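# A structural walkthrough
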Amino acid sequence: EVEINGRGITCIREIRRLAGDRVDPATGEVIVKKEDWSQYKVRICSMNTFPTGAGLASSAAGLACMVSTLGALFNAQEEYPGQLTAIARQGSGSASRSMFGGFAKWIKGEKADATDSIAVQIADENFWPEIRAVVLVVSDKEKDTSSTSGMETSRLTSLLLQHRASHIVQQRLDEIEQAYLNKDFETFGRITMQDSNQFHAVCLDTYPPIFYMNDVSKSIIKLVHAFNEQMGKVVAAYTFDAGPNAVIYTLDEHVDALMAMVTAFYPAPGASADYCNRPDVYDSAAARQADLLSPATMARLHATGRVPRAGDVKYVFVTKSGPGPVRQPLEESLLDPATGGLVEPGPRHKRMRIGDA
């Protein structure tokens, strides 16, 4: 067991403050009165199915899960629309957006008490069903500089961050929102890559500089640009958060070709089932590599200087836009409902286990 940090404690305290009566939906009987919640303690057990602290939004996922679950448990009554997202934001900024599925944005807000700094959903997960994400896990190790401490250092030392906040961010937000609503992948992809690049430029402008990406990350960037150039338009778009791991957006019609590139330049060190959450997609792309990638395309990709090597990418996810927090069946619980004791995670929990390769 680990101690919940100060931000997590804030989330729990705020949820408790909003608690209402807990009512049995079947009988209408009040099970716990709101004034009695202070007598109860809560045991929280959570598990990520992907690397923690490696720049893949593990804190956003965990805090959104916790706030959503506790909000339901305590029957939290929002004092204004979006308050639960504001509470999640206090745990992890990106957690506010993770309270929704699909495409969501975090509104900066103007009030001194930050109550208007909330997240809103722009489109649900079914709005653009063709969009896909291929996630390349370059490192599952916890990063040297956390997102929170890194951003604080950037805020104090980076002039580029100040310029970005005052002159660039809002315009890009408006443009990418409109591109998503128009299902304009070229514009969506271009802005996604430009904004990722500028974020990492801010990291380099920070003093002392912060290095989240590594040489493998940079090779992915080069390959994606070469891939797009050969296709004659933007069909794949990378983004890197505070870590070396790539999320590459594309459309369903281009997934096979993109995965063929992945199989060619970042091959599995062993069985595809141990390397990709969709081994069927990986194996199909590998088998059809020559059909999916023309000689001209391969020549352009090789010209980036990337030498195919197993092990540089530790794991590959092929996924799509999903919903917000989802209530799991009882058999997925990590706590015994009868005793409150821990349940040993099993195959049903689908935890991703990365080898030492």
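Below: a short report on this structure. What you see is a predicted model, and the numbers here were worked out from it, not measured in a lab.

### Some words on the overall build of the chain
- When helices and strands are tallied, the chain shows eleven helices and eight strands.
- A compact globule built from 357 residues should have a C-alpha radius of gyration of about 21 Å, and the chain, at 22 Å, falls within 12% of that.
- In terms of its C-alpha atoms, the chain occupies a principal-axis envelope of roughly 70 × 50 × 40 Å.
- Classification of the 357 residues of the chain by burial places 43% in the buried group.
- For the chain, long-range pairs separated by at least 24 residues make up 67% of all intrachain contacts whose partners lie at least 6 apart in sequence.
- Entry remark: accessible area of the chain is about 19200 Å², with carbon and sulfur atoms responsible for 52%.
- Looking at the chain, you have 37 positive and 43 negative side-chain charges, and the mean spots of the two groups are 2 Å apart.

### Quick notes on the side chain of asparagine 245
- With respect to the helices and strands, the residue asparagine 245 is situated in the loop between β6 (236-240) and β7 (246-251).
- According to the relative accessible area criterion, asparagine 245 is buried, its value standing at 1%.
- A polar contact is formed between the side chain of asparagine 245 and the backbone nitrogen of valine 138, at a distance of 2.6 Å.
- Reaching out from asparagine 245, the side chain makes a polar contact with the backbone nitrogen of serine 139 at a distance of 2.9 Å.

Analysis parameters
- Residues numbered from 1 in each chain as written.
- Predicted model: local features only at pLDDT ≥ 70, side-chain atom pairs only at ≥ 80, totals over all residues.
- Heavy atoms only, no water.
- Helix = DSSP H or I, 4+ residues; strand = E, 2+ residues; numbered from the N terminus.
- Rg over C-alpha atoms; globule rule 2.2 N^0.38 Å.
- Buried < 20%, exposed > 50% of the residue type's maximum accessible area, 1.4 Å probe, protein only.
- Contact = heavy atoms within 4.5 Å.
- Areas by Shrake-Rupley, 256 points an atom, 1.4 Å probe, with all protein chains shown as cover.
- Lys, Arg positive; Asp, Glu negative; His and termini not counted.
- Charge placed at Lys NZ, Arg CZ, Asp CG, Glu CD.
- Polar contact = N/O pair within 3.5 Å; in protein donor to acceptor, adjacent residues only side chain to side chain.

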